[in-house]
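# Structure at a glance
Chain by chain, the residues run as shown.
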Amino acid sequence: MSFHVRRKEREITDQDEMRQVLKKTNYVTIALCMNNEPYLVALNHGYDQTKNCLYFHCAPEGKKLVYAQANPNVWGQAVLDFGVTDECDYAYTSVHFNGKLSLISDPAEKRHALEILVRQVALNPESKLAKIKPEKIEKTTMGRIDITYLSGKKHQASPKNQS
Ligand SMILES: Cc1cc2nc3c(=O)[nH]c(=O)nc-3n(C[C@H](O)[C@H](O)[C@H](O)COP(=O)(O)OP(=O)(O)OC[C@H]3O[C@@H](n4cnc5c(N)ncnc54)[C@H](O)[C@@H]3O)c2cc1C
């Protein structure tokens, strides 16, 4: 079955506009599924526009990794939250994505992933990155979500009487 954003006037069709949401947000929420049991977690992320993937770091074990190893397909969301408008609507821009989650083993890609992540979410990223030693990167679990689908929706300063 194929779905699309029902409210056409709120649909974002420009891929760049959708990608900007992944670039401007600090975290995504991803849904996983194993043996018909759903699970979700929030993850700080860095978006690599060239590779169209999200990078994240996490503990080397835990429920999300057990789920992801059993089924690497994830559905996710990122939200720019603009709060309540003068018209008492709720304003947001959000994207949904489908992707495949994997862990990174190559040290050079781990370093790249960490740089993308820290530059997106941290204040003074360069000074923080300068302190990270290769041994620490080796011990850090880093993951990647390769994005295969994006949809976008925005509801900003919308006309009245629409929900
Ligand atoms: C804004 C935000 C950003 C985050 N960024 C990261 C990140 O970059 N990397 C990262 O690894 N984690 C991040 N977290 C925490 C993440 O959402 C998970 O809590 C964490 O990754 C542990 O997940 P797990 O599946 O390994 O849980 P486990 O430690 O294996 O625990 C599993 C059980 O604990 C409960 N549980 C787990 N997490 C939560 C939770 N957050 N709230 C309530 N119950 C919970 C669930 O019921 C689950 O069944 C972030 C959370 C938030 C809110």
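Because the structure is a prediction, the values reported are computed rather than measured. (Residues numbered from 1 in each chain as written. Predicted model: local features only at pLDDT ≥ 70, side-chain atom pairs only at ≥ 80, totals over all residues. Heavy atoms only, no water.)

### Details of the nonpolar core
Across soluble globular proteins, you tend to see nonpolar side chains buried next to one another. Definition in use: Think of a nonpolar core as a cluster: buried Ala, Val, Leu, Ile, Met, Phe, Trp, Tyr and Cys residues, connected wherever their side-chain atoms sit within 4.5 Å. Note on exposure labels: buried denotes an accessible area under 20% of the residue type's maximum, exposed denotes more than 50%, and partly exposed covers the range between, all computed with a 1.4 Å probe on protein chains only. To qualify as a helix, a DSSP run of H or I must reach at least 4 residues; to qualify as a strand, a run of E must reach at least 2; elements of each kind are numbered from the N terminus. Only heavy atoms matter for contacts: two residues are in contact if any of them lie within 4.5 Å across the pair.
Core analysis: the biggest nonpolar cluster contains 25 residues, and Leu-22, Ile-30, Leu-54, Phe-97 and Ile-145 have the highest contact counts within it. Elements that contribute at least two residues to this core include exactly helix H1 (15-24), strand E2 (27-34), strand E3 (37-44), strand E5 (53-58), helix H2 (63-70), strand E6 (73-84), strand E7 (90-103) and strand E8 (141-155). Once you skip the residues sitting within four places of it in the chain, Leu-54 turns out to touch Leu-22, Val-28, His-45, Gly-46, Tyr-47, Phe-97, Gly-143, Arg-144, Ile-145 and Ile-147. Counting residues in hydrophobic clusters, the runner-up holds 11 residues, among them Ile-104, Leu-114, Ile-116 and Leu-129.

### Topic: the site of the ligand
Defined as follows: Any residue with a heavy atom lying within 4 Å of a molecule or strand is counted as near it. For the purposes of these results, a polar contact is taken to be a pair of N or O atoms within 3.5 Å, where, inside protein, one atom must be able to donate a hydrogen and its partner to accept one; residues adjacent in sequence count only when each atom of the pair is a side-chain atom. As a working rule, the residues Ala, Val, Leu, Ile, Met, Phe, Trp, Tyr, Cys and Pro are called nonpolar, Asp, Glu, Lys and Arg charged, and the rest polar, with Gly in that last group.
Contacts to the ligand come from Tyr-27, Tyr-39, Val-41, Ala-42, Leu-43, Asn-44, His-57, Cys-58, Gly-62, Lys-63 and Lys-64. Contact between the ligand and Asn-44: a nitrogen atom at 2.8 Å from a side-chain N or O atom of the residue. Of the residues contributing to the shell around the ligand, the split by class is 6 nonpolar, 3 polar and 2 charged.

### Considerations on H1
Using the following cut-off: By arc we mean the arc of the directions from the helix axis to the C-beta atoms, nothing more.
Taken together, the buried positions of H1 are Met-18, Val-21 and Leu-22. End-on, the buried residues of H1 take up no more than an arc of 95 degrees, which puts them together on one face. Facing away from the buried side of H1, by more than 90 degrees, are the exposed residues Asp-16 and Lys-24. Between the side-chain oxygen at the start of H1 and the backbone nitrogen of Asp-16 there is a gap of 2.9 Å, and the oxygen is on Asp-14.

### Remarks on the environment of Lys-110
Tracing the backbone shows Lys-110 in helix H3 (residues 107-121). Lys-110 sits in the buried class, given a relative accessible area of 8%. When the C-alpha atoms of Lys-110 and Asn-124 are compared, they prove to be 20 Å apart, with 14 residues separating the residues in sequence. Look past the residues within four positions of Lys-110 in its chain and what remains in contact with it is Ile-104, Ile-137, Glu-138, Thr-140 and Met-142.

### Examining the environment of Asn-26
By secondary structure assignment, the location of Asn-26 is in the loop between H1 and E2. When neighbours within four sequence positions are excluded, Asn-26 is seen to be in contact with Leu-43, Asn-44, His-45, Gln-120 and Val-121.

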